[in-house]
Amino acid sequence: MFTPDQFPRFVLKSYFTLLNRTYDVKGHRSLPFGPKIIAMNHTSGYDPLYLPFVLEETPHFLLQDGLFTIPVIGCLLKETGQIPVYRGTERAKDAKEQACAMLREGKTIAIFPEGKDVPIGQRIPAKTGVVRMSIETGAPIIPLGLYAPSQYLTPLNFHWHGSPRSGAWQFTGKSYMRFGAAWKPSAQSDIHAQTTELMDRIYSLVAEAERDAQCVSHTLLNLIPQ
């Protein structure tokens, strides 16, 4: 029998194997033990589905509440203790409070500071919740840069809750994950400036991952007989 954590891992592992999806990760060996907040970019197609296989503990993501209504997927999210974010409602603060409670219990939180998908090559102002959670709980922030080469991204157009949406998804190929050094913001410094600093750290790691991916691509091209 599977435990609540084992079954989702089995499903993800089967998905990766079936579609020949792989990943390249650096920086994860030096992650601190105990509570931490993993903050990553939220660009279409750069999904963090490999995170549970990189960490020794189960990460608890803050995710849009609509995902919890999807058959099967919603059940898996609930069973593994993921946190719904009810944006624009009276329950909007519940996610932050639940995340802080988990951090005080020694758990790992995973979050997208930007709060929504950002078109590739663009940046938007991030929300301050990550920095605030770190200051309130004392948990360090771990910046994470996610990147997937464009040739592995499939454009998608769909309707979500009655509204047209567009994005991209990686069905095959390699993903790149780059973890940065643990960082603690200061309660005496400006929250917005520190949020910008966090995103600078994240996108510096994204750029590093992109450079590594390009090096791999160039190496493979050079191996092809002319």
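Please read these numbers as outputs of a predicted model, since none were measured by experiment. (Residues numbered from 1 in each chain as written. Predicted model: local features only at pLDDT ≥ 70, side-chain atom pairs only at ≥ 80, totals over all residues. Heavy atoms only, no water.)

Chemist: A description of the packing of aromatic side chains should follow, citing residues and the corresponding values.
Modeler: In total, this model carries five aromatic pairs according to the counting rule given. Note on Tyr 147 and Tyr 176: the rings are 6.5 Å apart at their centroids and 50 degrees apart in plane angle, and the pair reads as tilted. Here Tyr 147 is found in strand β6 (residues 141-147), whereas its partner Tyr 176 is found in strand β9 (residues 173-179), with 29 residues between them in sequence. Each of the two residues, Tyr 147 as well as Tyr 176, counts as buried. Site record: aromatic cluster; members linked through ring pairs are Phe 16, Tyr 23, Tyr 50 and Phe 53. The ring of Tyr 86 carries Arg 91 above its face, with NZ or CZ at 4.0 Å from the centroid. (Phe/Tyr/Trp six-rings, centres within 6.5 Å; stacked < 30°, edge-to-face > 60°. Helix = DSSP H or I, 4+ residues; strand = E, 2+ residues; numbered from the N terminus. Buried < 20%, exposed > 50% of the residue type's maximum accessible area, 1.4 Å probe, protein only. Lys NZ or Arg CZ within 6 Å of the ring centre and 35° of its normal.)

Chemist: A description of the nonpolar core should follow, citing residues and the corresponding values.
Modeler: If you look at the biggest cluster of nonpolar residues, it comprises 23 residues, and the most contacted ones within it are Ile 37 and Leu 62. Taken together, the elements giving at least two residues each to this core come down to β2 (36-40), β4 (83-85), α4 (94-104), β5 (108-111), α5 (129-137) and α6 (191-223). Residues contacting Ile 37, with those up to four places away along its chain left out, are Leu 103, Ile 109, Ile 111, Val 130, Met 133, Ser 134, Ala 139, Pro 140, Ile 141 and Ile 142. Ranked by size, the runner-up nonpolar core spans 21 residues in total, among them Leu 55, Phe 68, Phe 112 and Met 177. (Core = buried A, V, L, I, M, F, W, Y, C linked by side-chain atoms within 4.5 Å. Contact = heavy atoms within 4.5 Å.)

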